[in-house]
Number of protein chains: 2
Amino acid sequence: MAFFELADFDNHEQVTFFTDEQTGLKSIVAIHDTTLGPAVGGCRMWNYASDDEAITDVLRLSRGMTYKNAVAGLAMGGGKSVIIGDARRDKTPALFRSFGRAIHSLGGRYYSAEDVGINTQDIMYAHEETPYMAGLEGKSGDPSPFTALGTFLGIKAAVKHQLGKDSLQGIRVAIQGLGHVGYHLCKHLHQAGATLIVTDLNQQALAKVAEEFNAVIVDLDAIYHQDVDVYAPCALGATVNDQTITQLKASIIAGCANNQLALPRHGDVLRDKGILYAPDYVINAGGIINVSFENDYCAKKSTEKVEQIYTTLLNIFKQADSQNVQTATVADQLARSIIDAKKATRE
Amino acid sequence: MAFFELADFDNHEQVTFFTDEQTGLKSIVAIHDTTLGPAVGGCRMWNYASDDEAITDVLRLSRGMTYKNAVAGLAMGGGKSVIIGDARRDKTPALFRSFGRAIHSLGGRYYSAEDVGINTQDIMYAHEETPYMAGLEGKSGDPSPFTALGTFLGIKAAVKHQLGKDSLQGIRVAIQGLGHVGYHLCKHLHQAGATLIVTDLNQQALAKVAEEFNAVIVDLDAIYHQDVDVYAPCALGATVNDQTITQLKASIIAGCANNQLALPRHGDVLRDKGILYAPDYVINAGGIINVSFENDYCAKKSTEKVEQIYTTLLNIFKQADSQNVQTATVADQLARSIIDAKKATRE
C-alpha cells in the first residue's frame, strides 16, 4: 500500500483516520493545505465499497476545497472529511458526537460542515463536542441562495465574454436540476429576462418553475441538445463527457454542479469547439463564501463577496483566451499563485 | 487499499499521516488506545522500502505500547510514530521542528520520545514546538538503567518460578547484546552472583564486561547453545525462532530485546518444551516506567514502580501454568482486562 505516493495524495499536510469502537465511527479527515487559513470543507457520509474509494474521494475533494477557497478570495485552506457508513441506516447522535470529538482533537486546523449524506441536525450533534463546525442553524443559514446568486452572476460573466452582451434579455438557458440552488437560479434568470428550459426527476419542482418562471420542461436526456445559449448543469457531476459534448448546441457551460467535466481533457475539447466553460469550483463558490462569514454574520458583506465571482470569472476567461488554454487550467493557476504569494510573505 | 480493515489496524483510535513540503517531513502517528491516558510511545526514523512497511511497523508498535503501558500499571495509552527517511542523511533541525508541530497539532493525545534512529538532540528540536515530548535531557534522563533493573528483576522472578531459587548465586546467564541496557544488566547479575556468558559485535563492550564482571565471551552464533539456565536476548528482535529454539539448553528466556518471538506460535513451542518465557514487553518496561515519572521526576518512585515487574511476572507465570497457555497470552489478557476495567468505570 502506497499512501504518500498515491496520485491523489498531492502533498496533503495531514490525513487522519479515526475510529471509535463504541459508536462505530470510521472517518477520514483530509487537510490539504492551510497556507491561507484553517482548512474548511464539508463532511460526506457514504457507504463506500472500500477504504480505497473513501480515501480517493476525500483526498480529491479536500484538494478541490483548497483551490475553491483560494480563488474565492477566502482566508481558508482546503480540507474535507468522510464518514464511512450508510446515511439512511447508521446515523446516531452518538456517532456524530464522536465525529465532533475527532474534529475537536485536530485543534481547529479543520472546520467541517454539511455535505452529501449529512444534515444540519447531524452537524448540531457534532457541534456539542467542538466549536469547529460550520453551517449551523441560526448562523449563516442555508447557503443555496448564495450559490444561486454566484452562479447567476457567473452566467452573466460568461454571456458578457462569449456573446458581448451585458443583459440576459432573450438569452436561452437550459437548466439541468432544480434543487434548492436550481430553483433560486431560475428565479434570478427569469427576472433578468432569460428564457428557461428545464429538466429534473422531480415533477413538482418542474411544475413550480414552469408556472412561476414560464420555464419549458424537457426530458432528462433532451436537456443536452436544446437550442440554447447556455447549458447550466446544476445536479450531477461528469455530465460534460464524450457522449454529451457532441450533442451540445450551447456556446456556454455555466452551472452550479460539482465536477462537471468527466475528465480534465474535456476542458480542452470544449475550448477547441469554442464552447466557454465557467470552471465549476469558481462559479459555485457562493455557498462556501457565505459560510466564511458565519462568525459575526452579515448578509450584505457575504453578498458583496459573492458578487466578486463575476469579475473573477471574466478575468479567468480573458486569461484563458490570451494563453490559449482551458479555463479550468487558468483557475488552478490562479489558486496556486494566491497560495504561493501567501507562502512568500511568510518565508 | 484497505486501511481500516488491515490486520494490524486493530481498532486504532487515530492514525495520522503528516507531510511538510518545506522540510520534507513524512511521518505517521498511530494512536492505538487512550483508555488509560494519553498515548505514549517513541518515534522511529527509518528508511522504509515502502509506505506499506512503515504503516505495518507503526501500527504494530503502537498496539504493543498499549499493552506494555497497561501491564506496567501506567496511566498511559499506547501510540507510536515513524518518520520516513534515512537517519544518517535526512536529519535537519527543521525536520524535527516540523515533526514537533505535527505532534503538537494532536493536542496532547500522543507524547513522543526516542526510538530507533532518533536521539535526544532530535527530540529537543521537536520540543521547541511542543510540550508533548518525553525523554528530554535534564528530566527523567537515560532510561537504560531502569530497563536493566526491570530485566534483572524479571530474570529473578523467572528463576524463582522455574528453578525455585530466590538467589541468582551460581545461575548461568547468556546475554546477547551489550548496549546500554546489556551492560547495566551484566552489572546487576554479577553483583547477584550469577555467571555471565556474553556476545556482541562490539569488541570493546565485550572486553569491558569480561574485565569488570568476569564474563566469558563467545561467538555471535554460539550464544544460543550455551549450557546456561537463562538466555537473555538484549539486542535484536525475532531471535527466538525455529532455528534457535532447537539449540537452546536454557530453561528460561528473559531479556530486554523487543519482539523476541519471531512468531506468536513460538511461545507455544517454548511452553511445550518447558522453557519459561518472560514476555518481552513486560520485562523491558523499566524505561517507559521511568519516562512516566518525567514530570516532577523522582528516582525513588520510579524505582519502586520498576520493582513491581517482579511481582507482575510471577503472577503471569502462575496464570500461564494454571491456564496451560503461553505466558505472552496471559500478558495480553492482563493488558486487555486492565483496559476493559477502566472502560467499565467510564460507561
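Residues numbered from 1 in each chain as written. Chains lettered and ligands numbered in written order. Predicted model: local features only at pLDDT ≥ 70, side-chain atom pairs only at ≥ 80, totals over all residues. Heavy atoms only, no water.

Visitor: Can you tell me about the overall build of chain A, naming the residues and giving the values?
Guide: Regarding its fold elements, chain A presents twelve helices and twelve strands. Taking 2.2 N^0.38 as the reference for a compact globule, 347 residues should give roughly 20 Å; the C-alpha atoms of chain A span a radius of gyration of 20 Å, in line with that estimate. Split into buried and exposed, the 347 residues of chain A put 55% on the buried side. Across chain A, the fraction of contacts at a sequence separation of at least 24, relative to all contacts at a separation of at least 6, is 65%. Distance between charge centroids for chain A: 5 Å, based on 31 positive and 40 negative side chains. (Helix = DSSP H or I, 4+ residues; strand = E, 2+ residues; numbered from the N terminus. Rg over C-alpha atoms; globule rule 2.2 N^0.38 Å. Buried < 20%, exposed > 50% of the residue type's maximum accessible area, 1.4 Å probe, protein only. Contact = heavy atoms within 4.5 Å. Lys, Arg positive; Asp, Glu negative; His and termini not counted. Charge placed at Lys NZ, Arg CZ, Asp CG, Glu CD.)

Visitor: Summarise the confidence of the model for chain A; cite the residues concerned and give the values.
Guide: Per-chain confidence: chain A averages 95 in pLDDT, with 99% of residues scoring 70 or above. Predicted complex metrics record ipTM = 0.81 and pTM = 0.86. (pLDDT = per-residue confidence, 0-100.)

Visitor: Describe the domain arrangement of chain A, listing the residues and the values that go with them.
Guide: In terms of domain boundaries, chain A breaks down into domain 1 (12-60 + 77-127) and domain 2 (144-337). The centre of domain 1 of chain A, based on its C-alpha atoms, is set 28 Å off from the matching centre of domain 2 of chain A. (Domains from an automatic or database assignment.)

Visitor: With reference to specific residues and values, describe the sheet that holds strand β11 (residues 252-253) of chain A.
Guide: Residues and elements named next belong to chain A. The strand order across the open sheet built from six strands is β9-β8-β7-β10-β11-β12, with neighbouring strands paired in parallel fashion. Looking at strand neighbours, the two that pair on one side only are β9 (216-217) and β12 (276-277), the edges of this open sheet. Direction of pairing for β11 relative to β12: parallel, over a ladder of two bridges. Pairing of Ile253 across the sheet is with Tyr277, part of β12. (Pairing = 2+ DSSP bridges.)

Visitor: Break down the side chain of Asp20 of chain A for me, citing the residues and quoting the values.
Guide: Residue and element names in this part refer to chain A. Mapped onto the secondary structure, Asp20 falls in strand β1 (residues 14-20). In this structure the side chain of Asp20 is engaged in a polar contact, spanning 3.0 Å, whose partner is the backbone nitrogen of Gln22. For Asp20, the side chain forms a polar contact with the side chain of Ser98, separated by 2.8 Å. Beyond its immediate sequence surroundings of up to four residues, Asp20 is in contact with Leu25, Ser98 and Arg101. (Polar contact = N/O pair within 3.5 Å; in protein donor to acceptor, adjacent residues only side chain to side chain.)

Visitor: Outline the environment of Asp268 of chain A, supporting the account with residue identities and numerical values.
Guide: Residue and element names in this part refer to chain A. Here Asp268 lies in helix α8 (residues 265-272). C-alpha separation for the pair Asp268 and Gln326, spaced 58 residues apart in sequence, amounts to 5.6 Å. Polar contacts involving the side chain of Asp268 include one to the side chain of Gln326, which spans 3.3 Å.

Visitor: Explain the relation of the copies chain A and chain B to me, using residue names and the numbers behind them.
Guide: Between chain A and chain B, which share one sequence, the superposing operator has a rotation angle of 180° and an axial displacement of 0.0 Å; the RMSD is 0.1 Å. As the rotation angle and translation indicate, the two copies are arranged about a two-fold axis. Relative to the rotation axis, the closest C-alpha in chain A is found at Thr16 of chain A, a distance of 2.0 Å. Mapped onto chain B, 100% of the interface residues of chain A are again interface residues, and the two copies thus contact each other with one and the same surface. (Least-squares fit on C-alpha atoms with pLDDT ≥ 70 in both.)

Visitor: Describe unusual backbone geometry, listing the residues and the values that go with them.
Guide: All names here are of chain A. We note that Ala238 has phi near 60°; this positive angle belongs to a residue other than glycine. Within the fold, Ala238 resides in the loop between β10 (230-233) and α7 (242-245). Under the relative-accessibility criterion, Ala238 is labelled partly exposed at 35%. The phi dihedral of Asn324 is positive, around 55°, even though this residue is not glycine. By secondary structure assignment, the location of Asn324 is in the loop between α11 (299-323) and α12 (327-346). Residue classification places Asn324 among the exposed residues on the basis of a relative accessible area of 54%.

Visitor: Tell me about the packing of helix α2 (residues 93-104) of chain A against helix α3 (residues 120-127) of chain A, residues and numbers included.
Guide: Residues and elements named next belong to chain A. Direction vectors running N to C along α2 and α3 enclose 55°, while the axes themselves pass 7 Å from each other. Between α2 and α3, the interaxial angle falls into the category oblique. Here α2 runs over α3; the crossing is right-handed. Contacts between α2 and α3 involve Pro93, Phe96, Arg97, Phe99 and Gly100 from the first element and Asp122, Tyr125 and Ala126 from the second. Residue classes in the contact of α2 with α3 are distributed as five nonpolar, one polar and two charged. (Axes fitted to C-alpha atoms, helices over the stretch in contact; angles between N-to-C directions. Parallel < 35°, antiparallel > 145°, perpendicular 65-115°, else oblique. Left-handed = near helix turned anticlockwise from the far one by under 90°. Nonpolar A, V, L, I, M, F, W, Y, C, P; charged D, E, K, R; others polar.)

Visitor: For the pairing of strand β7 (residues 172-176) of chain A, give the residues involved together with the corresponding values.
Guide: Residues and elements named next belong to chain A. Most of β7 is tucked away, with four of its five residues classed as buried. Sheet analysis places β7 next to strand β8 (residues 195-199), joined by five bridges and oriented parallel. Across the sheet, Val173 pairs through a bridge with Leu196, a residue of β8. Where β7 lies against β10, four bridges are found, and the strand directions are parallel. Bridge assignment links Ala174 to a residue of β10, and that residue is Tyr231.

Visitor: How would you explain the packing of helix α4 (residues 144-163) of chain B against helix α5 (residues 180-191) of chain B if you had to name every residue and give the values?
Guide: Each pair of packed helices can be summarised by the angle the axes make with each other and by the distance between the axes. All names here are of chain B. Between α4 and α5, whose axes approach to 8 Å, the crossing angle comes to 45°. What the angle tells us is that α4 and α5 run oblique. As for the relative orientation of α4 and α5, their crossing is right-handed in sense. Residues Ser144, Pro145, Thr147, Ala148, Leu149, Thr151, Phe152 and Ile155 of α4 pack against His180, Val181, His184, Leu185, His188 and Leu189 of α5. For the contact of α4 with α5, the per-class residue count stands at eight nonpolar, six polar and no charged.

Visitor: Outline the interface of chain A and chain B, supporting the account with residue identities and numerical values.
Guide: Contacts between chain A and chain B engage 30 residues on the former and 30 residues on the latter. Both sides of the chain A and chain B interface together cover about 2600 Å² of buried area, and 53% of this is carbon and sulfur. Taken together, chain A and chain B are joined by four salt bridges. In this structure, Lys26 of chain B engages Glu5 of chain A in a salt bridge whose closest nitrogen and oxygen atoms are separated by 2.7 Å. If you look at where chain A meets chain B, you find 14 residue pairs in polar contact (both at pLDDT 80 or more). Its residues assigned to classes, the side of chain A that touches chain B shows 13 nonpolar, eight polar and nine charged. Sheet analysis places β1 of chain A next to strand β1 (residues 14-20) of chain B, joined by five bridges and oriented antiparallel. Each bridged residue has a counterpart across the sheet, and for Phe17 of chain A the counterpart in β1 of chain B is Val15 of chain B. (Buried area = accessible area lost by both parts, 1.4 Å probe. Salt bridge = Lys/Arg side-chain N within 4 Å of Asp/Glu carboxyl O.)

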